[in-house]
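Now for the letters of each chain:
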Amino acid sequence: MDKLTLSNTTDILRDGSLYAQGLLRSVDIERAEECITTVSKSQIETIRVLFADQHGLLRGKTIVAEAFPSLFMSGMKVPNTLLLKDISHRTVFPVWSEDSVGFPAGAGDIVLVPEPSTYRVLPWSAHSAWIFCTPVNKDGSRIPYASRSVLQYAIDRLSSINRQLRVGLEVEFCIFAITDERLDHSNACMPASPVTTRNLLHGYQLLTEQLYDRVEPLMDDLRRNANALGLNVRSIEIEMGPSQFEFTFNATDPMSHADNMVMFRTMVKEVCARKGLHATFMSKPHLPNAAASGWHVHQSLFDKSENNLMMSKADGTLTEIASAWIAGLLEHAKASCLLTTPTVNGYKRYKPHQLAPDRILWAQDNRGAMVRGLMAPNDPTSRIENRVAEPAANPYYLFASQIFSGLDGINHGRTAPAPIETPYMSDVERLPANLQEAIKFFESSNLYSEALGTKFVTYLAQIKRAEWERYHSTVSQWEHYEYFSLL
């Protein structure tokens, strides 16, 4: 491994720029040594050095095993424009003529700082491994909109009042068979033309045993790969729609589950692609009879003594802190939608009578409500379930939004309104109707500008506005049908 030997690894790593800048601590060096030793004694040939970008998509470079130790010395340099792209991979900030939200002109480098605890061997590609990183500026300073940095800041804010959040994942998605990969040159546009597909299952047979048996080999493969990554699958379900599935995972801390969600989405897509299948976490595919997919985030608040603060009082009423947390989520639901539902497509899911929310309210146990209260006296699993998010959301931003909203409810002593058990017939505020509305609510709210700074608000709004403007300026099939023949 270059000039490193296992006996002098510690000294060499401590001489690196990452340790000198305080970006790796002593405990990180110890973990890095463990990673280096593991690789040296394994059949690993390549390590994919990755970070979750502003959309929750993994980007990065691949290095050979012999170069792995150098990653913990000086990090990995990548272009800063990776943080300046919309979902179509277009750079939507000026990078040649002026400062771009804190970056000097010229599309220069940022540095990826590895997180040793995220090292994983890929069970579907056993000679390869992943390691996740946090992007920083070349001088080691924090980038205010880097995904892991945003979530870590939120976690630290919550920890400052001696509280910690645990979240559980409940993720819906679809898998289809590919009938045409559309790889001819004319389809190499930006974004690329989508593959054409057919269903694996007809659907609309919720939790049907016979349908599960038909896809059990595929579900087993995904479950085993997920477990090999350390994701701890709890259940696998046949969902309502055609070729629609759901995986759930046991609760853990937000950073671990943000990493887990990115790992899970990427694993599912990569494993399926190797089988000639297409997995999508898009909320509402434009396919006949397709159902919308959601991401239900279960969350419980604990104190430092591991007491679940979401448990109801003896008479079944909410504790003050649970009431404040729910009130904060409701108060900032509109502003948070840019983080929970960041795509044009995600707002097509907010329809009544489809097990998805369309109004800002909570209920005791009602799947039509935005927030579902699953709390009871002396029940250690007491939690709330926020059903607002789409499965394509950046999990780091999403969990941060829950923390900042709930924390605001606690800090301001907010009280949750009475639960509403008829969510689709209630005269309360509605969630934003589209991405444009969500951008406006996000920009006009003080919550995120005060929590994360105006630079973060400006940055994210500009990226998502670019997506909305491309959508808004595209001639749709509806317009063609409506006007082409008549006018």
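Counting of residues starts from 1 at the beginning of each chain's written sequence and follows it residue by residue. This being a predicted model, a pLDDT of at least 70 is required before a residue's local features are given, and a value of 80 or more before pairs of side-chain atoms are given or counted; all residues contribute to the totals for chains, interfaces and linings. Hydrogens are left out, water is left out, and the side-chain values use all remaining heavy atoms of the structure.

Student: How would you summarise the side chain of arginine 372 if you had to cite specific residues and measurements?
Tutor: Mapped onto the elements, arginine 372 comes out in strand 14 (residues 371-374). Here the side chain of arginine 372 touches glutamate 385 through a polar contact of 2.8 Å, side chain to side chain. Every helix listed is a DSSP run of H or I at least four residues long, and every strand listed is a run of E at least two residues long, numbered separately from the N terminus. Two N or O atoms count as a polar contact when they lie within 3.5 Å, although within protein this holds only if one can serve as hydrogen donor and the other as acceptor, and sequence-adjacent residues are included solely when both atoms are side-chain atoms.

Student: Lay out helix 10 (residues 395-411) in plain terms, naming residues and giving numbers.
Tutor: Over its 17 residues, helix 10 runs 24 Å from end to end, which matches the ideal 24 Å to within 8%, given 1.5 Å per residue. Helix 10 sits mainly inside the fold: 15 of its 17 residues count as buried. Two residues or fewer past helix 10, glycine 413 is found with a positive phi of approximately 60 degrees. One less than the residue count of a helix, multiplied by 1.5 Å, gives the span that helix is expected to have. To sort residues, take the accessible area from a 1.4 Å probe on protein chains only and compare it with the maximum for the residue type: under 20% means buried, over 50% means exposed, and anything in between is partly exposed.

Student: Break down the environment of glutamate 66 for me, with residues and values.
Tutor: Mapped onto the elements of the fold, glutamate 66 is located in the loop between strand 2 (58-64) and helix 4 (68-74). Along the primary structure glutamate 66 and serine 293 are separated by 227 residues, whereas in three dimensions their C-alpha atoms are 42 Å apart.

Student: Which residues make up the pattern of salt bridges, and what are the values?
Tutor: Whenever Lys or Arg places a side-chain nitrogen within 4 Å of a carboxyl oxygen from Asp or Glu, that contact is recorded as a salt bridge. Applying the stated rule across the entire model yields 19 salt bridges. Of the charged contacts, one joins arginine 372 and aspartate 365 as a salt bridge, the two residues approaching to 2.7 Å between their closest N and O atoms. Assessed through its relative accessible area of 7%, arginine 372 is described here as buried. Between aspartate 408 and arginine 414 there is a salt bridge, with its nearest N and O atoms 2.9 Å apart.

Student: An account of a nonpolar patch on the surface is needed here, citing residue identities and associated values.
Tutor: Each patch is assembled from residues with relative accessible area greater than 30% and no salt bridge, linking like charges that lie within 9 Å and nonpolar side chains (Val, Leu, Ile, Met, Phe, Trp, Tyr) that lie within 5 Å. Where accessible areas are quoted, they stem from the Shrake-Rupley method and a 1.4 Å probe; at the residue level, only the protein chains shown are allowed to cover. Taken together, the side chains of Tyr204, Leu206, Leu207 and Met240 present a nonpolar region at the surface, about 390 Å² in accessible area. Note on placement: leucine 206 falls in the loop between strand 8 (196-199) and helix 6 (209-228).

Student: Can you tell me about helix 7 (residues 254-274), naming the residues and giving the values?
Tutor: Along its 21 residues, helix 7 runs 30 Å from first to last C-alpha, staying within 8% of the 30 Å computed at 1.5 Å per residue. Within helix 7, 16 of the 21 residues are buried, which leaves it mostly tucked inside the rest of the structure. Here helix 7 starts with a cap whose side-chain oxygen sits 3.3 Å from the backbone nitrogen of methionine 255, and that cap is aspartate 253.

Student: Lay out the state of the cysteines with the relevant residues and their values.
Tutor: One covalent bond between the sulfur atoms of two cysteine residues makes up a disulfide. By definition, disulfides here are pairs of cysteine sulfur atoms that lie within 2.5 Å. According to the stated counting rule, one finds zero disulfides in the structure shown. Left without a disulfide partner, cysteine 272 is nearest to the cysteine sulfur of cysteine 174, which lies 11 Å away. Overall, the relative accessible area of 0% leaves cysteine 272 in the buried class.

Student: Kindly report on the packing of aromatic side chains, identifying the contributing residues and their values.
Tutor: The way to describe two aromatic rings as a pair is by their centre distance and the angle between their planes. Only the six-membered ring of Trp is used, alongside the rings of Phe and Tyr, when aromatic pairs are assigned; centres must lie within 6.5 Å, and planes under 30 degrees apart are stacked while those over 60 apart are edge-to-face, with the rest tilted. Applying the stated criterion across every chain yields a total of 24 aromatic pairs. Ring centres of phenylalanine 173 and phenylalanine 245 lie 6.3 Å apart, and the angle between their planes is 45 degrees; on these two criteria the pair is classed as tilted. Taken together, the positions of phenylalanine 173 in strand 7 (residues 163-180) and phenylalanine 245 in strand 10 (residues 244-252) put the pair 72 residues apart, joining distant regions of the chain. The burial state of phenylalanine 173 is the same as that of phenylalanine 245; both residues are buried. When the ring of phenylalanine 404 is compared with that of tyrosine 448, the centres are 6.5 Å apart and the planes differ by 90 degrees; the resulting orientation is edge-to-face. Taken together, the positions of phenylalanine 404 in helix 10 and tyrosine 448 in helix 12 (residues 446-452) put the pair 44 residues apart, joining distant regions of the chain.

Student: Explain unusual backbone geometry residue by residue, including any values.
Tutor: The linkage connecting methionine 190 with the following residue, proline 191, adopts the cis geometry, with an omega of 0 degrees. Looking at the secondary structure, you find proline 191 in the loop between strand 7 and strand 8. At asparagine 289, a residue that is not glycine, the phi angle is positive and equals roughly 65 degrees. One can find asparagine 289 in the loop between strand 11 (277-280) and strand 12 (295-303). The exposure class assigned to asparagine 289 is exposed, which follows from its relative accessible area of 59%. For leucine 355, which is not glycine, the phi dihedral falls at a positive 60 degrees. With respect to the element layout, leucine 355 can be found in the loop between helix 9 (333-340) and strand 13 (362-363).

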